[in-house]
Each structure stands twice: as structure tokens, then as C-alpha cells.
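Chain and residue survey
Residue strings, one per chain:
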Amino acid sequence: MSLARWNKATPPTLLWLLVVLSLLAVPSLSMGQAPDAPTAAPAAGAAPATPAAKGAAVQAQAHGPPPDSWAGQLEMLSRWVDQRGGSGGCEERCYALDRLRITGAVGEGPLQFELSGGVLTDRPVAVPLFGPPAHLRIEATLDDGRPASRREAAPISFEDDHYYLWTAARRFVLRGSLWLEGDLTLLVAGPLNTFEADITGGSVAEGARLSGLRGATLHFTPDGGAGSQSAGPTVFQLSRAVRVGREIGFEYRLVMRSGSDLGVVRLPLAFGEKVLDVAGASGFRVEGGELVLPTSGRAAEMKISGTLPKVGAFSPDPRSAYEWWLFESDAEHRLTVKGDARQVDAAESPIPRTQATSRLLLVQRGQRVEVAVEPLSGVEVLAAVVRDHRRTLVLTERGDLVADDALTYENNGIDYLTYAPGGRPIYLATDGKAQRIMHQGKAAEEVLVPLQTGSHTIQVQSLAQAAVHSLGGTLELPMPSYPLTASEVALTVGLPDRVVPLALLGGDRPVWFADAGDAFAVAIGFVAAWIAVRPGGATSRGRVRALRALGGLLMAGLWFLAPATFVALLVGIATAVAAWLAGRLLGGRGRAAAMVVLLGLGGLALLVGLFAVSARSYRAERWNSTYSESAAPAPAAVRRAKDDDLAKGGGALAPGGAVLEGVTPVALSLPAYERAVQARRELVTRERAFRPVLVYTTSSALVPLVLLWLAGVTVLLAAHRAPLTALYRGAAARLARRPEDDAQGDPPAPVR
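Thresholds, definitions, all that
- Residues numbered from 1 in each chain as written.
- Predicted model: local features only at pLDDT ≥ 70, side-chain atom pairs only at ≥ 80, totals over all residues.
- Heavy atoms only, no water.
- Helix = DSSP H or I, 4+ residues; strand = E, 2+ residues; numbered from the N terminus.
- Buried < 20%, exposed > 50% of the residue type's maximum accessible area, 1.4 Å probe, protein only.
- Contact = heavy atoms within 4.5 Å.
- Areas by Shrake-Rupley, 256 points an atom, 1.4 Å probe, with all protein chains shown as cover.
- Phe/Tyr/Trp six-rings, centres within 6.5 Å; stacked < 30°, edge-to-face > 60°.
- Axes fitted to C-alpha atoms, helices over the stretch in contact; angles between N-to-C directions.
- Left-handed = near helix turned anticlockwise from the far one by under 90°.
- Nonpolar A, V, L, I, M, F, W, Y, C, P; charged D, E, K, R; others polar.
- Pairing = 2+ DSSP bridges.
- Salt bridge = Lys/Arg side-chain N within 4 Å of Asp/Glu carboxyl O.
- Parallel < 35°, antiparallel > 145°, perpendicular 65-115°, else oblique.
- Expected span 1.5 Å × (residues − 1).
- Arc of directions from axis to C-beta.
- Core = buried A, V, L, I, M, F, W, Y, C linked by side-chain atoms within 4.5 Å.

Within the chain, the regular secondary structure consists of 13 helices and 39 strands. Per-residue burial over the chain gives 37% buried out of 752 residues. For the chain, the proportion of contacts with a sequence separation of at least 24, taken over those separated by at least 6, is 73%. Accessible surface, the chain: about 43,300 Å² in total, of which carbon and sulfur atoms supply 58%.

What follows concerns the packing of aromatic side chains. One pass over the structure, following the stated rule, counts eleven aromatic pairs. With 5.4 Å between their ring centres and 85° between their planes, Phe 113 and Phe 130 make a pair best called edge-to-face. One end of the pair, Phe 113, is in strand 2 (residues 111-119); the other, Phe 130, is in strand 4 (residues 130-131), with 17 residues separating them in the sequence. Phe 130 carries the same exposure label as Phe 113, and that label is buried. Ring geometry for Phe 158 versus Tyr 163: centroids 6.1 Å apart, planes at 75°, classification edge-to-face.

As a further point, take the packing of helix 5 (residues 516-532) against helix 6 (residues 541-561). In the contact formed by helix 5 and helix 6, the axes pass within 8 Å of each other and the chain directions differ by 140°. Two packed elements cross with a definite hand, and for helix 5 against helix 6 that hand is right-handed. Taken together, the residues of helix 6 that come into contact with helix 5 (itself represented by Asp 518, Ala 521, Val 522, Gly 525, Phe 526, Ala 529 and Trp 530) are Arg 545, Arg 548, Ala 549, Gly 551, Gly 552, Leu 553, Met 555, Ala 556, Trp 559 and Phe 560. Looking at the contact of helix 5 with helix 6 residue by residue, the classes come out as eleven nonpolar, three polar and three charged.

Extensive coverage of strand 36 (residues 499-505) is indicated by the burial of five of its seven residues. In this sheet, strand 37 (residues 511-512) lies alongside strand 36 in antiparallel orientation, the contact comprising two bridges. Counterpart to Leu 504 in the pairing with strand 37 is Val 511.

Turning to the pattern of salt bridges, a few remarks are in order. All chains considered together, the criterion is met by 24 salt bridges. With a closest N to O distance of 2.2 Å, Asp 122 and Arg 170 form a salt bridge. In this pair, Asp 122 sits in the loop between strand 2 and strand 3 (125-128) while Arg 170 sits in the loop between strand 7 (162-167) and strand 8 (172-180), placing the two residues 48 residues apart along the sequence. The class of Asp 122 is partly exposed, set by a relative accessible area of 45%. Overall, Arg 170 belongs to the partly exposed group, its relative accessible area being 28%. As a salt-bridge pair, Glu 251 and Arg 243 come within 2.9 Å of each other at their nearest N and O atoms. Assigned by exposure class, Glu 251 and Arg 243 land together as buried. Through salt bridges with shared partners, a single network forms among Arg 99, Glu 114, Asp 143, Arg 175 and Glu 196.

Let us look at the packing of helix 5 against helix 7 (residues 563-585). Where helix 5 meets helix 7, the closest approach of the two axes is 10 Å, and the angle between their N-to-C directions is 40°. Here helix 7 runs oblique to helix 5, going by the angle between their axes. The element helix 5 and its partner helix 7 pack so that their crossing is left-handed. Across the interface between the two elements, Ala 521, Ile 524, Gly 525, Ala 528, Ile 531 and Ala 532 from helix 5 touch Phe 566, Leu 570, Ile 573 and Val 577 from helix 7. Across the contact of helix 5 with helix 7, the residue classes tally to nine nonpolar, one polar and no charged.

The next thing to look at is the sheet that holds strand 9 (residues 185-188). Across the sheet, four strands lie side by side as 4-9-13-11; this open sheet has antiparallel pairing. Of all the strands in the sheet, the pair left with one neighbour each is strand 4 and strand 11 (202-204). In terms of strand pairing, strand 11 meets strand 13 (residues 216-222) through three bridges, oriented antiparallel. Considered in strand 13, the bridge of Val 204 is made with Phe 220.

Moving on to the sheet that holds strand 5 (residues 136-143). Reading across from one edge, 5-8-2-1-10-12 is the order of the six strands in this open sheet, with mixed pairing throughout. Strands at the two margins of the open sheet, each flanked by one partner only, are strand 5 and strand 12 (209-213). Strand-to-strand twist of the sheet, defined as the mean angle between neighbouring strand axes without regard to direction, takes the value 20°. By the bridge criterion, eight bridges tie strand 5 to strand 8 in an arrangement that is antiparallel. By the bridge assignment for strand 8, Ala 140 is matched with Gly 176.

Moving on: the side chain of Arg 243. Within the secondary structure, Arg 243 sits in strand 14 (residues 235-244). In this structure, Arg 243 is in contact with Ile 248, Gly 249, Glu 251, Glu 328, Ile 351, Pro 352 and Thr 354, ignoring residues within four places of it in sequence.

Turning our eyes to something else, we now look at the environment of Val 311. Within the secondary structure, Val 311 sits in the loop between strand 20 (299-308) and strand 21 (313-314). Remark: the alpha-carbon pair of Val 311 and Val 371, spanning 60 residues in sequence, is separated by 6.0 Å. Val 311 has contacts with Val 242, Val 244, Ile 248, Val 371 and Val 373, leaving out every residue within four places of it along the chain.

Taking 1.5 Å of rise per residue, the 21 residues of helix 11 (residues 699-719) would be expected to cover 30 Å, and the 30 Å separating its terminal C-alpha atoms lies within 8% of that figure. Of the positions making up helix 11, those classed as buried are Gly 712, Leu 716 and Ala 719. For helix 11, the buried positions fall inside an angular range of 60° around the axis, keeping them on one side. Seen from the open side of helix 11, the exposed residues pointing more than 90 degrees away from its buried face are Leu 707, Thr 714 and Leu 717. Tucked inside the fold, the buried residues of helix 11 contact helix 6 and helix 12 (721-736).

Now for the nonpolar core. Of all hydrophobic cores here, the largest spans 40 residues; its most connected members are Phe 113, Phe 130, Phe 195 and Phe 220. Excluding anything up to four places from it in sequence, Phe 195 contacts Leu 100, Ile 102, Val 204, Gly 207, Ala 208, Arg 209, Leu 210, Leu 213 and Leu 218. Tyr 419, Leu 477, Leu 491 and Leu 694 belong to the second-largest nonpolar core, a separate cluster that totals 37 residues.

The next subject is unusual backbone geometry. Geometrically, the link from Gly 131 to Pro 132 is a cis peptide bond, its omega value of -5° lying close to zero. Here Pro 132 lies in the loop between strand 4 and strand 5. Following Gly 190, the chain continues to Pro 191 via a peptide bond in cis, the omega torsion being 0°. When you line up the elements, Pro 191 lands in the loop between strand 9 and strand 10 (192-200). Of note, the phi angle at Leu 683 is positive, near 55°, even though the residue is not glycine. In this structure, Leu 683 sits in strand 38 (residues 675-684).

This is how it looks when you write it as C-alpha cells:
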């Protein structure tokens, strides 16, 4: 309540009490004046009092108490309070209703109520209560603060559609009984702060605990027990549900009770309903646009279902005071609901909901609802998709292909996935749990993989055969097939030592045995060979060029055969060239110091080169890899076999490699491999399948190339026989020279 309204509503008695206390505590200034003190002179410019006014004042003083006495001052204060109260009368509503509490049993006599509130002015006001008077009877007693012996029946009357209470009590509590006749509805005029219903034998449709009610209609719904309503009024409660899909269906729930036998009940089919089933009634029939429902006893509850030809304007049955209307539609249709009915929480629906788009309306008698449906255009979407597919395919020495597939999928409605693994399936697991391998038929190659809604993983292992030629060729690698779109498929192929890959085709880009780094290493090898090859003697320029080209080819072959040896030889050639330049440019101690520095730098360069070659060999895209993360064995929880599985089939070999029908499989550890190559493909479908092809050769086919490389090394060494012999002799002479010979200053032997 605001401060201004509190000032308007302050009782005069309280003001009087405050004034008296203030006068007793602080004497007025007039008490200190002498009785015969002269009055103050009139202010300058003020008109003198007329004789008539003076006479009236004297006459008033003669009839009233003296102004300087206690009585005179109290009379002046009372006039001031009356003037203040008169000027601050109630302008808007002059009452406040706090809480309404209803108790009792629905349908078994009257309901008890208790209404608390107050009046905000001094004069009596009409406080609106409940309605409508035509279907409601009230008997109540007003508790306005007087003793119980002096309380009387509350002055209650009605006007229009409400009962009114005539009272001037600052605080009152109205207690009594109310009878709901015919419709079990109660109209609360309000404004009412809170409403509480503690009733039995039924419930309040809007809720048992409400707040902020103004012009609200409360509906009391009785329970379904026949005995509780045997002597009560007739109840006709109809709830409806309209569901729009490929066809329009309806479901009605009808509850009837009466003090006598119901007999045959007729329900008009005003909306063109086609009734298919009625639960709770036997022998129903349709006559002249009405559904005839034979009943027995004083209570009946039925559920009617069928189809509607269309949706449009709906209104409740005239026998129902109100009806629940539930409207639902599937994802392919959109409903538009208009009308003067009030929408409430769908969780209060008497009929269970089936769609998330459900709307519940409380339609009262005389109201109508207009429904329009708009079909939505459907488009093809992905109900499930494979986020990531990693396949490891290992080729053994005997030509067996062992495949291990790990898939991560997102599913939103598919139950099973037909998965063709590209070989004989031997293991299946979902989310790390082994599953039995099932087929649609005995001759079917696809495996039925159960899918769960959400994000999950699948692991499948299979076996296949491959024919590897002795000198090389192409090998089409088997890939699995399934009717889902895969965002990315990564393939890792593990090969034995005798199979040397040359290219892997079919991915987003082809993978070759050499890349830009290999080309750079070959170029550096040719440069080093061009510098290092110096046969000497009377060798022609054509022969020198041929020998240098041969040296470049030998260095390129050495890079692919032994990268570490290639790096060591390259560092040695670079160090020798730097030492030759230092010997030409420096002398004495400077030359010795330069040699030491060059040796240190050469050793450091050798270590860096060997480390780079070693790190490069671990790259997943390179050849000659001996380990791959994708080829890691299955988790221990998946690989571990249970004792009962071993007892069923693990102890003895069965036809087909110890594979028994109806037994949960056990994961197989992948075989080891010496080389690995990887390829990737994004957005893989059945129309855009991933078909990798491996171009390979064998170690047997490389033997002639190795022999040719050795022959080239022999030719190159033979061409450098003279310089190598002279170098050897010079080094031997330096090692054989004694220290005293160096002191005598003998010139060293020339080295050519």
C-alpha cells in the first residue's frame, strides 16, 4: 500500500490518540501566555475587522470554550482532523482483498470459504465477492473485530453478476458456506491477492494455489468416482484433442455423472467426425449425425476416437460449462489457433499429449475457436551421418588383409545400419562393447549394426585376401560400404618388408613415393657429386661429365637406400671443400685453428642432419614408417575375453578360424608391418565412393637396381683410382714423418 493511501486510510481514533499524547508531552506555547495578554496588532496593510465580524467572533467565544483552554485547543484540532479527512476521501476502489481459502468436498454439500480483507475509508463500501448469483448461494458471518457474541450475519446482496458485502470494517474476515448449483464454476471479482483450495473429491482446473486474480472464473472438476457424485448434480464433462498429421484425428474424453441412471446419451457430431472406436461403451452407433452411447448406472467415462475431414471453427457442447481443447500437429504441419478462449499450460490436459507443439485451451460456453492448418514443404535431410571413419588395412606376408574400422556417427532416428565391411566380419563393437554379428539373411554380406540416438562409436574388424605379384603391379584395396554420408575417411595401409609402395591413388590427392623434400635432397646430391667427382689425369671433358652425372645418380639412390649415409657423405664433402679453401687462404696457426673449427662444425652438421632424417621417418605421410597411431590395437577392455566365451568356443579350433555362430566375438590384434602409407577422402557417399588403388613393387624387383647402383659405385671408384692412391700415399708419408724432420724444415711431399 502506498504512503498516500495509508494517510487517507488512517483511522481518526489513531489521530486523536497521537494528538492527545503530543499535548501531554509538550505543552503548547499558548499555556505560557498570560490570560490577559493583549492580542497582537494586525499586520501592516491588513483590513480592520468589521463590527459584524467582531460580534460573530465574540458570540462564538461566548457559546464555545475559551480558545486558550484545553477544550478549545482540542476542538480546534478536531476541526483540523475533520477537514483533513474530508479532503482525503477514497477516490478509486476503497477495499483490499487479501486471501480466499476454500475447503470441503466437491459435490458433497456446500464448500466452506474464508475471505480476509479490509476497507480503506471511513464510510461503508460495497466489496464485490463471487458470482454468478443464478448458480451460487452464499451464507456467511462477518468477523469485523467485535466479540463473537455480537456478530451477526454478513450484509450480503447481489447486483449484476456478483454478490457484494456492505461493510466499513478496517479489517474483516468473512467465513461461511457456498453452494455451486448446476455448473461447478465460481467467478471471483477481485482483485484478490491469493487463492488456496484444500478440497477433496475433485480439483480446481486452474490450480489449487493461485495469485493475482481479477475477474477470474474457477472451474471445479470432480473426481471419477461414481459413489461420490451419486446424489450430486448432473455432470457432463467433455475434453477433446485434435491431432493434425497425414490425416486429422480426434480423441474425446467424456465423463458423465447423475443422481439417476444416465440411460442413452447422444453426442452430436457437429464437425463431421467419423467415429472409429469408443472405449467404455458397448454397442455404440451413429444415427442422423449423432453418436448414440448406451450407458448403465449413474456414472460413465468413455474415450472416443476417429478422424475429422478438416479443421475449422470449434465450439463446446451446450451441455458443457467448459471444455478442454488440445490441438497438436506433426513436424510437417503448422497450426494457427485463434478465438476468444484462454490458453493454459498443456501439462494440465486431461488427454495425454503426443507432440511437443501441443496447445491446450479452456473453452467456456459461448466461446469458439478457429483453427487453420498450413502444410510445410519437406526436404530430404540426413537422419544419420558418420563424422569420422578411420580404417587401418594391414597386408601380411601371406597376402591376408586384416581391416580395423573405427567410426564415429551422429544418429537422429535410424535403428540399424547395413554395413558391408569389404571382407568377412570377425568383430563388432559399439561404444567399446562387443556385439553379436547379425545378418538379414544367411547369404547376405552386410552386417546389421544397431544404432543409438546421439553420438556413438562403432568398431568393425574383417578379413580378406589379396594377390601380390612378384615384381609389382596395382592392388585395389577393399573399402566398406554403408548408406550413410561420411564427413571424412582416413585410410592407413600397412605393408610388409617385401612390398615397396610407389603411389596410393583414389584420395583427395595422390600420394607418391617422393615429394618436394626428396627432390631437394636429390638436387643437393647432384651438386655434391659435381664438386666431389674429379678423376684427374688426362681424362676428357665428356668422360668427366659422364662420371659426375653417374655420381649424382649414385647420391640420389643413396638418399632412398640409406638416408643417414647420404647425410654423412654430404657433410664430409662439404667439410673437405671448406678445409681445402682454408688451406689455400690461411697459413700457420690460422690454418690449424680453421681446421679445428671446420671439424667441429662438420660434426655438428652431421648430428643435425641425422636427427632431421630420423624425425622425418616418423611422419605419417612418409614411407618406411614402422609405427602408426591408427593401427594401435583394440583397448584392453575390448580385447579381453570372458571366461564363458572361452568355454564356448575359445578352447578348440572350429571351421573358419574358431568362429562360432551366436557367440560374442573377441577383437583381433592387428599384425605388425614395416611400411605404412596414408590417404584421405572427404564427403564420401555411395555415389562418391572412396576406392583406393596401391601401385607397388617388390624387393625382388629392386634387386637389379641395387646391383646397378653397386656397379656404378665400382666404376666411379675405378675412375678415381689415381687420385685416391696419391691421397693415400701422401697421408701415409705424413703419418710416417718424425718430429725432428719437421724441425729441420724439410718440405713436405707434394700431394696432387
